[in-house]
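Residues per chain, in single letters:
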Amino acid sequence: MRFVSTVAVAAVALTSSTVSSFVSPSSSIIKASTTTNLKMSEVEQPDVSAYMSGARPEGTEEYVMQQTMVRVKDPKASLDFYCNVLGFKLLMYKELPQWKFNVYFVAPVDASTIPEEEDKRWAMCMNTPGCLELTWNYGSETEEGLVYNTGNADATGTSNGEKVKGGFGHIGITVPNVYRACERFKEMGVEFHKSPNAGGMKGLAFIKDPDGYLVEVLPQGKMEAEPIDCMGVPAEGGEGYKDNSK
């Protein structure tokens, strides 16, 4: 099964159940009527069409969105998840005992393409879009429970124990079939935040990595719901969109 990382690019999937109408993108303001818990609300949306065309600004033509970094409690557990569950490969790693941390760069690449020479591996890593940098600070593996705040209405790491409205949401992968992928994830004991048919948005899922970070699972083609998902949830019904930052 081939997975594609969407760490570098955030994709928004809109379906007829969540968006009822659009005004031409040429308008200075695009208006979309959305339904949340059966209440209609009209939100003025900025016209972003200009950002989808034209050449890249001079001097940026070879820039690469190379990585997103997350701190992890246990590097072995994280590498097991990203490499054995999601199918990524370890492109490069650096052990930095003088600063008491290590970094591990993983990405969905074929292991046969990874060079043996360290300098060539580094060059490949720095030119591969959408890598995930897993940073392990020595000693975190000995702490009890979860260590790092995931950004999603999470109280982990706060001084007063109250949940915070975080900015970070998730990373994402795309798969040929969300439902088949999730069946595999369930068999491997992966924790689900949202199975494909749960909630109001059907055909996508969220799973958790060992530190609780969310991984969105999206289809590589059209988003279509199947009658029953891996958790036995039917496609019919379900609540609307939930803002996980709150």
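Structure's up top.
Residues numbered from 1 in each chain as written. Predicted model: local features only at pLDDT ≥ 70, side-chain atom pairs only at ≥ 80, totals over all residues. Heavy atoms only, no water.

Read across the open sheet, the four strands follow the order β4-β7-β6-β5; overall the sheet is mixed. The two strands at the open ends of the sheet, each matched to only one other strand, are β4 (67-72) and β5 (89-96). Direction aside, the axes of adjacent strands within the sheet are offset by 20° on average. The pairing of strand β6 (residues 101-107) with strand β7 (residues 131-137) spans six bridges and is antiparallel. Bridging from a neighbouring strand, Val-103 pairs with Thr-135 of β7. On top of the sheet, helix α2 (residues 118-126) reaches β5, β6 and β7; it is set at about 115° to β5, its chief contact. (Pairing = 2+ DSSP bridges. Helix = DSSP H or I, 4+ residues; strand = E, 2+ residues; numbered from the N terminus. Axes fitted to C-alpha atoms, helices over the stretch in contact; angles between N-to-C directions. Contact = heavy atoms within 4.5 Å.)

What follows deals with unusual backbone geometry. Phi at Lys-100 takes a positive value of approximately 60°, unusual for a residue other than glycine. Topologically, Lys-100 is positioned in the loop between β5 and β6.

Our focus in this paragraph is helix α1 (residues 75-85). Every buried residue of α1 is accounted for by Pro-75, Ser-78, Leu-79, Phe-81, Tyr-82, Cys-83 and Val-85. Capping the start of α1 is the job of one residue whose side-chain oxygen sits 3.0 Å from the backbone nitrogen of Lys-76: Asp-74. One or two positions beyond α1, positive phi appears at Gly-87, with a value near 85°. (Buried < 20%, exposed > 50% of the residue type's maximum accessible area, 1.4 Å probe, protein only. Polar contact = N/O pair within 3.5 Å; in protein donor to acceptor, adjacent residues only side chain to side chain.)

Our focus in this paragraph is the side chain of Gln-66. Mapped onto the fold, Gln-66 is located in the loop between β3 (39-46) and β4. Look at Gln-66 and you get buried, because its relative accessible area is 8%. Other than its neighbours up to four places away in sequence, Gln-66 contacts Phe-105, Cys-125, Met-126, Thr-128, Pro-129, Gly-130 and Cys-131.

Counted by the stated rule, this structure contains six aromatic pairs. Between Phe-105 and Trp-122, the ring centres sit 6.0 Å apart and the planes meet at 85°, which makes this aromatic pair edge-to-face. In this pair, Phe-105 is assigned in strand β6 and Trp-122 in helix α2, connecting sequence segments 17 residues apart. Between the aromatic rings of Phe-168 and Tyr-213, the centroid separation amounts to 6.1 Å while the plane-to-plane angle is 85°, which identifies the pairing as edge-to-face. (Phe/Tyr/Trp six-rings, centres within 6.5 Å; stacked < 30°, edge-to-face > 60°.)

We now examine the nonpolar core. Within the largest apolar cluster, 32 residues are counted, with the highest numbers of intra-cluster contacts made by Tyr-82, Leu-86, Leu-134, Phe-185 and Ile-207. For this core, the secondary structure elements donating two or more residues are β4, α1, β6, β7, β8 (170-175), α3 (178-187), β10 (205-208) and β11 (214-219). Counting 10 residues, the second-largest nonpolar core is a separate cluster that includes Val-103, Phe-105, Cys-125 and Cys-131. (Core = buried A, V, L, I, M, F, W, Y, C linked by side-chain atoms within 4.5 Å.)

Mapped onto the fold, Lys-194 is located in strand β9 (residues 191-194). At 6.7 Å, Asp-229 is the nearest oppositely charged side chain to Lys-194, a buried residue that forms no salt bridge. In this structure the side chain of Lys-194 is engaged in a polar contact, spanning 3.2 Å, whose partner is the backbone oxygen of Pro-196. Leaving out residues up to four positions away in the same chain, Lys-194 has contacts with Met-201, Leu-204, Ala-205 and Phe-206. (Lys, Arg positive; Asp, Glu negative; His and termini not counted. Salt bridge = Lys/Arg side-chain N within 4 Å of Asp/Glu carboxyl O.)

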